[in-house]
Amino acid sequence: MWFYDNVSRDEFEKKKDYVEQIMCELGAVKLSINLPYQQKTTSYSGDIEEIHYSQRPIFKFKNEYFRVDEFICNDKPYIVIECGTYDELMKNSMEDADPFPYDLPDDEIKNEVKYSLGIEPYPST
């Protein structure tokens, strides 16, 4: 069940496509890998559970593997980039980078992708 009025599932998926486009522009390579599991994300927000099955591609950048995923919050959906080794990818145990709101301006989304890929360090707070 999609529970946002301010953004449709289709619009959100297009934003994840945009993140993948940025990853490629920054040098990530899209791979064709058959995973031994179905890509599924389960998010909880209060009493609401959102299960989403996806066919997101896998990317390789330097020696790590990446996949664009999501994190659902009460106020809006967030994008998260998973990263890890090939073994972690195959075991579905990759780590999540810091999630970021889907509705950031394009230049800020590009910065978030750079942080997730390790091109630039996360800003210190």
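Details of the structure are given in the entry above.
A quick note: this is a predicted structure, and the numbers were derived from the prediction, not measured.

Each value, and the rule that gives it
Residue positions within a chain follow its written sequence, with the count starting from 1. Selection of residues for local features in this predicted model requires a pLDDT of at least 70, selection of side-chain atom pairs for listing and counting requires 80 or more, and totals for whole chains, interfaces and linings are taken over all residues. Only hydrogens and water are set aside; all other atoms, that is, all heavy atoms of the structure, feed into the side-chain values. Helix numbering and strand numbering both begin at the N terminus, where a helix is a DSSP run of H or I of at least 4 residues and a strand a DSSP run of E of at least 2. Contacts: residue pairs with any heavy atoms within 4.5 Å of one another. To get an axis, a line is fitted to the C-alpha atoms, and for a helix only the part in contact is used. The angle between two axes follows their N-to-C directions and goes from 0 to 180 degrees. What sets the label is the angle itself: under 35 degrees gives roughly parallel, over 145 gives roughly antiparallel, 65 to 115 gives roughly perpendicular, and the rest give oblique. Each crossing gets its hand from how the near helix is turned against the far one by less than a right angle, where anticlockwise is left-handed and clockwise is right-handed. Lys, Arg, Asp and Glu make up the charged group, whereas Ala, Val, Leu, Ile, Met, Phe, Trp, Tyr, Cys and Pro make up the nonpolar group; the residues left over, Gly among them, are polar.

Participant: Mind laying out the environment of D96, listing which residues take part and the relevant values?
Facilitator: Mapped onto the fold, D96 is located in strand β7 (residues 95-96). Separated by 20 residues in sequence, D96 and S116 have C-alpha atoms that sit 8.8 Å apart. For D96, the residues in contact, after removing those within four places along its chain, are V80, I81 and E82.

Participant: Talk me through the packing of helix α1 (residues 9-25) against helix α3 (residues 106-117); I want residue IDs and the actual numbers.
Facilitator: Packing of α1 against α3 brings their axes to within 10 Å, and their N-to-C directions diverge by 60°. Taken as axis vectors, α1 and α3 run oblique relative to one another. Relative to α3, α1 is oriented so that their crossing is right-handed. Here K15, Y18, V19, I22 and M23 of α1 come into contact with α3, specifically with D106, I109, K110, V113 and L117. Across the contact of α1 with α3, the residue classes break down as seven nonpolar, no polar and three charged.

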